[in-house]
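This is what each chain is made of:
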Amino acid sequence: MSVAVYPGSFDPVTLGHLDIIERSAKIMDKVIVGVLKNNSKTPLFSVEERVNILADVTKDIGNVTIKAFDGLSVDFARNCGAQFMVRGLRAITDFDYELQMSQTNRILRSDIDTIFLSTSLEYAYLSSSSVKEIASFGGDISMCVPDFLGKQIYDKYGIERNEPEAME
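Position labels on residues start from 1 in each chain and follow its written sequence. Predicted model: local features are reported for residues with pLDDT of at least 70 only, side-chain atom pairs are reported and counted for 80 or more only, and whole-chain, interface and lining totals are derived from all residues. Excluding hydrogens and water, the side-chain figures rest on all heavy atoms present in the structure.

**Here we look at unusual backbone geometry**
Part 1 of the reasoning: Of note, the amide linkage connecting Asp-11 to Pro-12 takes the cis form, showing an omega dihedral of 0°.
Part 2 of the reasoning: Relative to the helices and strands, Pro-12 is located in the loop between β1 (3-8) and α1 (15-27).
Part 3 of the reasoning: Positive phi is not limited to glycine here, since Phe-10 has a value of about 50°.
Part 4 of the reasoning: To qualify as a helix, a DSSP run of H or I must reach at least 4 residues; to qualify as a strand, a run of E must reach at least 2; elements of each kind are numbered from the N terminus. Positionally, Phe-10 belongs in the loop between β1 and α1.
Part 5 of the reasoning: In this scheme, a residue with accessible area under 20% of its type's maximum is buried, one over 50% is exposed, and one in between is partly exposed, where area comes from a 1.4 Å probe on protein chains only. Taking the relative accessible area as the measure of exposure, Phe-10 reaches 3% and is therefore buried.

The following block contains the structure:
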């Protein structure tokens, strides 16, 4: 059985993340989305909130589970019985970083390979950081995150956003 881990902070989860999860689930028997608890950062959403959000948006994908973790992602993958880690690539800068990480992980755990999926073009511009920045200024993030999540993000920033009426 092929098992992959897709690790990340997912703060917040974007449509790009969901695209990678859905595509991974089509090629793997089981995908475990690992939500990183990083004590050196102050996330917008707690680990528990991120796990719950991801569980909600992936509930219809039968071979996907969500788990929180801390420490090295390659250790998390091994503890989950995964043979693969999945990473999404948006641009060449992502590739440089991710290649270095995959090579380091391969030294640490030679039994775990990294699979790179290039981001679908419609999501190539997306990052959690840009979503947070746009939202913090009250900008429209509806094209970046699942429908229900936008309000939660604005609430975190104390922003009440009234959607403009459609033009006739």
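Alright, that's what it looks like, and here's the rest.
**Regarding α1**
Part 1 of the reasoning: The end-to-end C-alpha separation of α1 is 19 Å, in line with the 18 Å expected for 13 residues at 1.5 Å each.
Part 2 of the reasoning: Restricting attention to buried positions, one finds in α1 the residues Gly-16, His-17, Leu-18, Asp-19, Ile-20, Ile-21, Ser-24 and Ala-25.
Part 3 of the reasoning: For this analysis, a polar contact is any N or O atom pair within 3.5 Å, provided that within protein one partner can donate a hydrogen and the other can accept it, and provided that sequence-adjacent residues contribute only side-chain to side-chain pairs. The N-terminus of α1 is capped by Thr-14, whose side-chain oxygen sits 3.2 Å from the backbone nitrogen of Gly-16. Here a helix's expected span is defined as the number of its residues, less one, multiplied by 1.5 Å.

**Some thoughts on the pairing of strand β3 (residues 64-69)**
Part 1 of the reasoning: Pairing geometry for strand β2 (residues 30-36) and β3, over 6 bridges, is parallel. Looking at β3, one finds that Ile-32 is bridged to Thr-65.
Part 2 of the reasoning: When the strands point away from the viewer, a crossover counts as right-handed if the path from the first strand over the helix to the second runs clockwise. Note that the unit made of β2, helix α2 (residues 47-57) and β3 has a crossover that is right-handed. DSSP-based pairing: two strands are paired if at least 2 bridges between them are found.

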